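Listed below are the residues making up each chain.
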Amino acid sequence: MKNINLLGIKLQDRYVRESVGLTEKFLREGAVHTILYLTPTVLLETAKDEKEKEWVEAAELTVWGDTDILDAAGITVKSRYHEVQENVFLKIFLRKMARIHKSILVLSDTEENAEILKQELIEIQNNITVAGTMAIPDPYQAQEDLINKINMITPDVIMARMSFSLQREWLEQCRQYLNTGIWIGFPEHLSCIPKKEKPIKKIGNKLLNVLFSRQVSKYKE
């Protein structure tokens, strides 16, 4: 593990082997443990919001969704680049969940988006046990009903893709009542399956990553 600080956000960089080992511990302990996938976009937004920053720093495990985070942290080990570029953590984690027969509940802000995430996960590991899909359109509505539905399923893992602000607000209200071991949070813009980007989107992402690198450099100064 290596402690890093990006834009004033205190984080830890871990090899996949160590990260997967932690997930085994999380499942044994029972209480909800948060694992967050971070990208340059997320870090730029988080740096401006103190509540979001505290929530991200408090996560039991963080995973990089972009190799630009490694660049910004000054991590040049080739094996780490491979792990991040190929999303090795998620592949190994899903393979392990399938092998030990752990169930996964998929959440998003709409049922349609939850189904899209479900299909991406199945594409990575087709024999995972998906216990269901649900939507959280608003962090403050129908909380009790949704919690009851989740706890009736009793999933070992919840995988959610929606804005971090929605995830944070919902977990602040409901975390203590959830009967699950792991919450894996993806930002709404991050696909689990690398896709060929349209030229205009590719340019936009490059500009964003340049902005991220510049902001990190300014912060270090």
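Calculation notes
- Residues numbered from 1 in each chain as written.
- Predicted model: local features only at pLDDT ≥ 70, side-chain atom pairs only at ≥ 80, totals over all residues.
- Heavy atoms only, no water.
- pLDDT = per-residue confidence, 0-100.
- Contact = heavy atoms within 4.5 Å.
- Helix = DSSP H or I, 4+ residues; strand = E, 2+ residues; numbered from the N terminus.
- Salt bridge = Lys/Arg side-chain N within 4 Å of Asp/Glu carboxyl O.
- Buried < 20%, exposed > 50% of the residue type's maximum accessible area, 1.4 Å probe, protein only.
- Pairing = 2+ DSSP bridges.
- Axes fitted to C-alpha atoms, helices over the stretch in contact; angles between N-to-C directions.
- Expected span 1.5 Å × (residues − 1).
- Arc of directions from axis to C-beta.
- Core = buried A, V, L, I, M, F, W, Y, C linked by side-chain atoms within 4.5 Å.

A.B. asks: Can you explain the confidence of the model for the protein? Please cite residues and give values.
C.D. replies: Averaged over every residue, the pLDDT of the protein is 90; the share at 70 or more is 90%. Predicted confidence for residues 196-201 stays below pLDDT 50, and this span has two contacts to residues more than four positions away or in other chains.

A.B. asks: Outline the side chain of E52, supporting the account with residue identities and numerical values.
C.D. replies: Looking at the element boundaries, E52 is found in helix α3 (residues 50-58). Excluding anything up to four places from it in sequence, E52 contacts T46, F164, S165 and R168.

A.B. asks: Describe in detail the pattern of salt bridges, supporting the description with residues and values.
C.D. replies: All chains considered together, the criterion is met by twelve salt bridges. Here E120 makes a salt bridge to R161, at a shortest N to O gap of 2.8 Å. Taken together, the residues span a long stretch of sequence, with E120 in helix α7 (residues 111-124) and R161 in strand β7 (residues 157-161) at a distance of 41 residues. Side by side, E120 and R161 carry an identical accessibility label, which is buried.

A.B. asks: Go over the sheet that holds strand β6 (residues 129-135), please, and point to the residues and values.
C.D. replies: Pairing is parallel in the open sheet, where six strands are placed in the order β4-β3-β8-β7-β5-β6. Each having just a single partner strand, β4 (61-64) and β6 make up the two edges of the open sheet. Sheet twist, expressed as the average angle between the axes of neighbouring strands with direction ignored, equals 20 degrees. As judged from the four bridges shared by strand β3 (residues 33-38) and β4, these two strands associate in the parallel manner. Note that in β4 the partner of I35 across the bridge is L61.

A.B. asks: Account for the pairing of strand β5 (residues 103-108), with residues named and values stated.
C.D. replies: Most of β5 is tucked away, with six of its six residues classed as buried. Neither face of β5 is open: one carries S103, L105 and L107, the other I104, V106 and S108, and all of them are buried. With five bridges connecting them, β5 and β7 associate as parallel partners. The residue of β7 that forms the bridge with L105 is I158.

A.B. asks: I'd like to hear about α7, residue by residue, with values.
C.D. replies: The terminal C-alpha atoms of α7 lie 20 Å apart, and with 14 residues this matches the ideal 20 Å at 1.5 Å per residue to within 8%. Listed as buried for α7 are A114, L117, E120 and L121. Axial view of α7: buried residues confined to an arc of 120 degrees, hence all on one face. Residues of α7 that are exposed and point more than 90 degrees away from the buried face comprise E112 and E123. Contacts from the buried residues of α7 go to α6 (88-99), β5, β6, β7 and β8 (182-186).

A.B. asks: Explain the environment of D71 residue by residue, including any values.
C.D. replies: Secondary-structure assignment places D71 in helix α4 (residues 68-73). Residues D71 and Y81, ten residues apart in the sequence, show an inter-C-alpha distance of 9.3 Å.

A.B. asks: Break down the nonpolar core for me, citing the residues and quoting the values.
C.D. replies: Formed by 40 residues in total, the largest nonpolar core has its most connected members in L38, L107, W170 and W183. At five residues, helix α9 (residues 164-174) tops the list of elements feeding residues into this core. One finds V16, I35, A98 and F186 within the second-largest nonpolar core, a separate group that totals 28 residues.

A.B. asks: An account of unusual backbone geometry is needed here, citing residue identities and associated values.
C.D. replies: The residue L7 is not glycine, and still its phi comes out positive at about 55 degrees. Tracing the backbone through its elements, the reader meets L7 in the loop between β1 (2-6) and β2 (9-13). Residues other than glycine seldom take positive phi values, yet T154 does so here, at roughly 50 degrees. Its place among the elements puts T154 in the loop between α8 (143-153) and β7. Taking the relative accessible area as the measure of exposure, T154 reaches 36% and is therefore partly exposed.

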